[in-house]
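Below, each chain spelled out in residue letters.
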Amino acid sequence: MPFNSTRNADILKLGDTLYQVLPTGDHSYKLKTYPKTFIASDAVAAMQKAGIASGPEEAVFIGQELVESGVIIHAVDDEKRFANDFLFFRFVRDDQLLEDHQRTKRRIGLKALSPVLARGSSTTSPKHGTGSPQASKKASPKDSSGSGSPKKA
């Protein structure tokens, strides 16, 4: 089938709409968990409810178009066709976000993040105001020894 940019743009728009209306989550099957997935039959129902498809047959057709366009993919078998069934699919954009997040974690390293996380838990939260005045003192500038006492001028 020849490339049709209008058709492809329409499929991408449908994928964006489905991404907004269809919740994803962790789904398990045979003791294995598949993160950030959705069940195909739930997607069929969501497409009908959102007005993307007028019936289940049209929703399955659109789902397969999303697979062929690379918007969604089966959680295990890249060759699996979309069907109104208990099948796990995921949005490819979630894979890309997860890969970017994991790459960033590897680059920075969890060890490098731990001082930032520890510091963030001891400061006053302006939104919630749950910190104490003592917590605010901990957030004040420290001397080079790291003792926690304020810098002397």
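Whatever comes next refers back to the structure up there.
Residues numbered from 1 in each chain as written. Predicted model: local features only at pLDDT ≥ 70, side-chain atom pairs only at ≥ 80, totals over all residues. Heavy atoms only, no water.

Q: Sorry, what's going on with the environment of G25 here?
A: With respect to the element layout, G25 can be found in strand β1 (residues 25–29). For G25, a relative accessible area of 21% puts it in the partly exposed group. Separated by 13 residues in the primary sequence, G25 and F38 place their C-alpha atoms 6.6 Å from one another. Other than its neighbours up to four places away in sequence, G25 contacts Y34, P35, K36 and T37. (Helix = DSSP H or I, 4+ residues; strand = E, 2+ residues; numbered from the N terminus. Buried < 20%, exposed > 50% of the residue type's maximum accessible area, 1.4 Å probe, protein only. Contact = heavy atoms within 4.5 Å.)

Q: What is the right way to look at the sheet that holds strand β4 (residues 88–91) in this model?
A: Through backbone hydrogen bonds, the strands of a sheet pair up, either in parallel or in antiparallel fashion. Read from one edge to the other, the open sheet built from four strands follows the order β1-β2-β4-β3, with strand pairing classed as antiparallel. What marks the edges here is a single partner per strand, and that holds for β1 and β3 (72–74). Recorded for the sheet is a direction-independent mean angle of 55 degrees between the axes of neighbouring strands. As judged from the two bridges shared by strand β2 (residues 32–39) and β4, these two strands associate in the antiparallel manner. Across the sheet, F38 pairs through a bridge with F89, a residue of β4. Contacting β2 and β4, helix α2 (residues 40–49) crosses the sheet at an angle of about 15 degrees to β2. (Pairing = 2+ DSSP bridges. Axes fitted to C-alpha atoms, helices over the stretch in contact; angles between N-to-C directions.)

Q: What is the right way to read the pattern of salt bridges from this model?
A: Between side chains of opposite charge, a pair can form when the charged atoms approach closely. On inspection of all chains with the given rule, the structure shows one salt bridge. Taking the shortest distance from any N to any O, the salt bridge between D16 and R93 comes out at 2.2 Å. Here R93 lies in helix α4 (residues 92–108) and D16 lies in helix α1 (residues 5–21), a separation of 77 residues in the sequence. A relative accessible area of 31% means that R93 is categorised as partly exposed. (Salt bridge = Lys/Arg side-chain N within 4 Å of Asp/Glu carboxyl O.)

Q: How should I be thinking about the nonpolar core in this particular structure?
A: Soluble globular proteins tend to bury their nonpolar side chains together. Counting 21 residues, the largest nonpolar core has L18, F38, M47, I72, F82 and F89 as the members making the most contacts within it. For this core, the secondary-structure elements that each account for two or more residues are α1, α2, α3 (56–68) and β4. Excluding residues that lie within four positions of it along the chain, I72 makes contacts with F38, G63, L66, V67, F82, F89, R90, F91 and V92. (Core = buried A, V, L, I, M, F, W, Y, C linked by side-chain atoms within 4.5 Å.)

Q: Could you clarify how one ought to interpret α2 in this entry?
A: An α-helix turns once per 3.6 residues; consequently, residues spaced three or four apart project the same way. Within α2 the residues assigned to the buried category are A40, A43, V44, A46 and M47. Looking straight down α2, one finds its buried side chains confined to an arc of 165 degrees; they lie on one side. Taken from the residues just after α2, G51 is the one with a positive phi, measuring 80 degrees. (Arc of directions from axis to C-beta.)

Q: Help me understand the side chain of Q64 in this model?
A: Relative to the elements of secondary structure, Q64 occurs in helix α3. With sequence-adjacent residues up to four places away left out, Q64 is seen in contact with R81 and F82.

Q: Where do I start with the pairing of β1 in this structure?
A: Side-chain positions along a regular strand alternate between the two faces of the sheet. Of the strand pairs in this sheet, β1 and β2 are connected by four bridges, and their pairing is antiparallel. Its bridge partner lying in β2, G25 is registered against T37. Hairpin remark: β1 followed by β2, antiparallel, with two residues in the connecting loop; positive phi at K30, about 50 degrees.

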